[in-house]
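# Examining the three-dimensional arrangement
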Amino acid sequence: QAQVVESGGGLVEPGGSLRLSCSVSGLYFNIYDMNWYRQAPGEQRELVATFTRGGITNYADSVKGRFTISRDNDKSMVYLQMNSLKPEDTALYYCNAHYTILLEKREFDYWGQGTQVTVSS
């Protein structure tokens, strides 16, 4: 059974930093694209950062230059380093493992329960 578990959230002042971690088990981590999403109260879930299985990273415009996604395939871990945090970064942050079988048009998605990040003075 696949399991995705986030950690590292908390309360931080504006301008501060946090590092989120995501531990994945029960699946072949190396073939999955790994994503961080976030959802603020009353808002839709937003894709924040992606680290593909091929080594490509992408970021939402709102976090470019401030957030860095990384992954460790040996440990089945993915991280999100968040610097220069702003109050608008406040949200529940989710880790997602995504895999697509193009020929079969099948997708696999596994989600964690989320970790809360609150940026406030």
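Everything below is about the structure shown above.
What this report covers is the structure whose coordinates are included nearby. What you see is a predicted model, and the numbers here were worked out from it, not measured in a lab. (Residues numbered from 1 in each chain as written. Predicted model: local features only at pLDDT ≥ 70, side-chain atom pairs only at ≥ 80, totals over all residues. Heavy atoms only, no water.)

### So, the pattern of salt bridges
Using the following cut-off: A side-chain nitrogen of Lys or Arg and a carboxyl oxygen of Asp or Glu constitute a salt bridge if their distance falls within 4 Å. Under the scheme applied here, a residue whose accessible area is under 20% of the maximum for its type counts as buried, over 50% as exposed, and between as partly exposed, the area being computed with a 1.4 Å probe on protein chains only. Under the DSSP-based scheme used, a helix requires at least four consecutive residues in state H or I and a strand at least two consecutive residues in state E, with every element numbered from the N terminus.
Here the structure, examined in full by the defined rule, presents 5 salt bridges. With a shortest N-O distance of 3.2 Å, Lys 64 and Asp 61 are connected by a salt bridge. Residue Asp 61 is classed as exposed on the basis of its relative accessible area of 65%. Of the charged contacts, one joins Arg 66 and Asp 89 as a salt bridge, the two residues approaching to 2.7 Å between their closest N and O atoms. One end of the pair, Arg 66, is in the loop between β6 (57-59) and β7 (67-72); the other, Asp 89, is in the loop between β8 (77-82) and β9 (91-101), with 23 residues separating them in the sequence. Via salt bridges that share partners, Arg 38, Glu 46, Arg 66 and Asp 89 belong to a single interconnected network.

### Topic: the packing of aromatic side chains
In this description, a pair of aromatic rings is defined by centroid distance and the angle of the planes. The line we're drawing: Centres within 6.5 Å are what make two rings of Phe, Tyr or Trp a pair, Trp counting through its six-membered ring; a difference in plane orientation under 30 degrees is then read as stacked, over 60 as edge-to-face, and the rest as tilted. We call a charge positioned over a ring when the NZ of a Lys or the CZ of an Arg lies within 6 Å of the ring centre and within 35 degrees of the ring normal.
Summed over all chains, the structure comprises 5 aromatic pairs. For the ring pair Tyr 99 and Phe 108, a centre distance of 6.2 Å and an interplane angle of 25° mean the geometry is stacked. An aromatic cluster is present here, built from Tyr 32, Tyr 99, Phe 108 and Tyr 110 joined pairwise through their rings. Stacked on the ring of Tyr 79, the Lys or Arg Arg 19 has its end atom at 4.0 Å from the ring centre. Above the ring of Tyr 94, the side-chain terminus of Arg 45 is found at 3.9 Å from the ring centroid.

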